[in-house]
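A closer look at the structure
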Amino acid sequence: MAINLQKGQRENINSPRFTIGLGWDTNESSTGQGFDLDASVFVLGENKKLLSDGHFIFYNNLSSPDAAVIHTGDNLTGDGDGDDEQVNVDLGKIDSNASEICIVVTIHDAEVRKQNFGQVRNSFIRIFDTNTNQEILKYELDEDFSIETAVEFGRIYKRNNEWKFEAVGMGMKGGLQDYLNKYN
């Protein structure tokens, strides 16, 4: 049975192979343009910086160099129920210097399209066992991010050789470049 987390809650991940599912629904855009939300993953070391450029996983780089983190592809519309984008993680393959996996979602061309997360609803991040499809945990973001164009949904971090998930839910006015600046 999955654990439903609240913002700030942490939970152990006792599965070496799991999938991160991210989902959302969008309100109709007043600009008449569709939404394109993008999930990105940053594999960080102890210094909270990317291990290498290849450890920034997104729609133009779908796999980490060690193939421990693999993005399954960009969903350009977010239509349909369930996960809109997924990322497969195999902790058995992850670089030994990795201490954190940060998961963010940004709105592509948010400024140009005049879009923000206030126009997005039913956002969630969930983790499920890749082998059994059994959901381990889920965090539903219930805040109104009325000016934010990017949100850190959660982070997976290593403490005492155990991997844990933290429900973050922190918005930012900015985009992928702002996260790259933060983690480079």
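Everything here concerns the structure above.
The notes below deal with the structure included here. Within any chain, residue numbers begin from 1 and follow the written order of that chain's sequence. Note on the predicted model: pLDDT of at least 70 is required for a residue's local features to be given, and 80 or more for side-chain atom pairs to be given and counted; whole-chain, interface and lining totals, by contrast, use all residues. Heavy atoms from the whole structure form the basis of all side-chain values; hydrogens and water molecules are not counted.

1. Section: the sheet that holds strand β3 (residues 17-26)
- DSSP bridges decide pairing: two strands pair if at least two such bridges lie between them. For the purposes of this entry, the term helix denotes a DSSP run of H or I that reaches at least four residues, the term strand denotes a run of E that reaches at least two, and both are numbered from the N terminus. One open sheet holds the six strands; their spatial order is β1-β10-β9-β3-β7-β6, and the pairing between them is mixed. Each edge of the sheet is formed by a strand with only one pairing partner; in this case those strands are β1 (3-5) and β6 (69-71). Shown here is a sheet whose adjacent strand axes are inclined to one another by a mean of 15°, direction ignored.
- Where strand β9 (residues 120-129) lies against strand β10 (residues 135-141), six bridges are found, and the strand directions are antiparallel. What counts as an axis is a line fitted to C-alpha atoms, over the stretch in contact for a helix, and the angles between N-to-C directions run from 0 to 180 degrees.

2. Overview of the layout of surface pockets
- Every definition here rests on a 1 Å grid over the protein atoms only: cavities are sets of points where a 1.4 Å probe fits but cannot get out, pockets are open sets enclosed by protein on both sides within 12 Å along at least five of seven lines, and lining residues have some atom within 4 Å of a point. Grid points are joined across faces, edges and corners, and a volume is the space filled by probe spheres set on the points. Estimated volume of the largest pocket: approximately 300 Å³.
- Forming the walls of the largest pocket are 18 residues, and the residues nearest its centre are Ile 107, Ala 110, Glu 111, Thr 149 and Gly 174.
- Counting residues per element, the ones that place at least two in the lining of the largest pocket are β8 (100-107) and α1 (110-113).

3. What to know about the pattern of salt bridges
- Within this document, salt bridges are pairs made up of a side-chain nitrogen of Lys or Arg and a carboxyl oxygen of Asp or Glu, the two lying within 4 Å of each other. Throughout the structure, instances matching the rule amount to nine salt bridges.
- In this structure, the salt-bridge partner of Glu 166 is Arg 10, at a minimum N-O distance of 3.4 Å. Residue Glu 166 is found in strand β12 (residues 162-172), and its partner Arg 10 is found in strand β2 (residues 10-12); the two are separated by 156 residues along the sequence.
- Since its relative accessible area comes to 12%, Glu 166 is described here as buried. Buried means the residue's accessible area, taken with a 1.4 Å probe over protein chains only, is under 20% of the maximum for its type, while exposed means over 50%, and partly exposed covers the values in between.

4. Considering the nonpolar core
- Buried Ala, Val, Leu, Ile, Met, Phe, Trp, Tyr and Cys residues form a nonpolar core when they are joined through side-chain atoms within 4.5 Å. Residues Ile 20, Leu 22, Phe 117, Ile 156 and Phe 165 are the most contacted members of the largest nonpolar core, which totals 38 residues.
- Broken down by secondary-structure element, the contributors of at least two residues to this core are β3, β4 (37-44), β7 (85-90), β8, β9, β10, β11 (150-159) and β12.
- Apart from residues no more than four positions distant in its own chain, Ile 156 is found in contact with Ile 13, Phe 18, Ile 20, Ser 99, Glu 100, Ile 101, Ile 103, Ile 127, Trp 163, Lys 164 and Phe 165.
- Ranked by size, the runner-up nonpolar core spans 12 residues in total, among them Leu 44, Cys 102, Val 104 and Leu 180. Two residues form a contact once any of their heavy atoms are found within 4.5 Å.

5. Focus on unusual backbone geometry
- Despite not being glycine, Lys 48 shows a phi value in the positive range, around 65°.
- In this structure, Lys 48 sits in the loop between β4 and β5 (56-57).
- At Asn 161, a position not held by glycine, the phi torsion is positive, near 60°.
- Considering the arrangement of structural elements, one finds Asn 161 in the loop between β11 and β12.
- Residue classification places Asn 161 among the exposed residues on the basis of a relative accessible area of 71%.

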